[in-house]
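One letter stands for each residue in the lines below.
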Amino acid sequence: MASAKHVRLEGSHPRIFAIASTPADISTATIYHDEFGSLSSNSEWVPKEMFKRAMHDLHPEISNLDARYEFSSGPKLPADQRYDVIIDLHRLRQFYTDN
């Protein structure tokens, strides 16, 4: 949500990049893996959907909101690309709770 608040939609098509989480970035004592044994947030589609939800919560009045920005993710920030907002999903570990 914090990163979504930095996206400026007026007059531009912002580019967002999410640095994928790793198993070391768990935020709960109980580990929930997907069917392949990795964290769900370490997939191609989950970070995109998490961001899409945050943007919708911030801008419920805008239809087809995800067409107004470009979202990419990967294990590290590409050196040869520029992004308007960078989301580091390694930060998930900051929200650790002993569930």
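Here the residue numbering is sequential within each chain, running from 1 through the sequence in written order. In keeping with the predicted nature of the model, local features appear solely for residues at pLDDT of at least 70, side-chain atom pairs appear and are counted solely at 80 or more, and the whole-chain, interface and lining totals rest on all residues. Each side-chain value is derived from all of the structure's non-hydrogen atoms; neither hydrogens nor water enter the calculation.

### Points about the nonpolar core
Point 1. To form a nonpolar core, buried Ala, Val, Leu, Ile, Met, Phe, Trp, Tyr and Cys residues must be joined to one another through side-chain atoms within 4.5 Å. Only protein chains enter the calculation, and the probe is 1.4 Å; a residue is then buried if its accessible area is under 20% of its type maximum, exposed if over 50%, and partly exposed in between. In this structure, Val7, Ile16, Phe51, Met55, Tyr69, Phe71 and Ile87 are the most contacted members of the largest nonpolar core, which totals 14 residues.
Point 2. For this core, the elements supplying multiple residues, two or more each, are strand S1 (15-19), helix H1 (45-58) and strand S3 (85-88).
Point 3. Looking at this core, the element that brings in the most residues is H1, giving three residues.
Point 4. Residues within four places of phenylalanine 51 in sequence aside, it is in contact with Ala4, Val7, Ile16, Tyr69, Phe71 and Ile87. Secondary structure elements follow DSSP: runs of H or I no shorter than four residues count as helices, runs of E no shorter than two count as strands, and numbering proceeds from the N terminus. Residue contacts are counted whenever heavy atoms from the two residues lie within 4.5 Å of one another.

### Some words on the sheet that holds S3
Point 1. Two strands pair under a simple rule: DSSP has to find at least two bridges between them. As summarised here, the arrangement of the three strands in space is S2-S1-S3, forming an open sheet in which the pairing is parallel. Looking at strand neighbours, the two that pair on one side only are strand S2 (70-74) and S3, the edges of this open sheet. Adjacent strand axes in the sheet meet at a mean angle of 20° when their direction is disregarded.
Point 2. Here S1 pairs with S3 via four bridges, running parallel. Note on method: axes are straight lines fitted to C-alpha atoms, helices fitted across the in-contact stretch only, with angles between N-to-C directions ranging 0 to 180 degrees.

### Points about the confidence of the model for the protein
Point 1. For the protein, per-residue confidence averages 79 on the pLDDT scale, and residues scoring 70 or more make up 68% of the total.
Point 2. Summarising per-element confidence for the protein, the mean pLDDT is lowest in S3 (89) and highest in S1 (92). The pLDDT value expresses, per residue, how confident the predictor is, ranging between 0 and 100.

### Details of the side chain of serine 3
Point 1. With respect to the helices and strands, the residue serine 3 is situated in the segment before S1.
Point 2. With residues up to four places along the chain from it excluded, the contact list for serine 3 reads Val85, Ile86 and Ile87.

### Points about the pattern of salt bridges
Point 1. The rule for a salt bridge is simple: a side-chain nitrogen of Lys or Arg has to be within 4 Å of a carboxyl oxygen of Asp or Glu. Inspection of the entire model under this criterion finds three salt bridges.
Point 2. Here arginine 15 ties to glutamate 70 by a salt bridge, and the two come within 3.4 Å at their closest N and O atoms. Residue arginine 15 is found in strand S1, and its partner glutamate 70 is found in strand S2; the two are separated by 55 residues along the sequence.
Point 3. The closest approach of N and O atoms between aspartate 57 and arginine 53, which form a salt bridge, is 2.9 Å. Taken as a pair, aspartate 57 and arginine 53 lie in helix H1 at a separation of four residues, close to a single helical turn.

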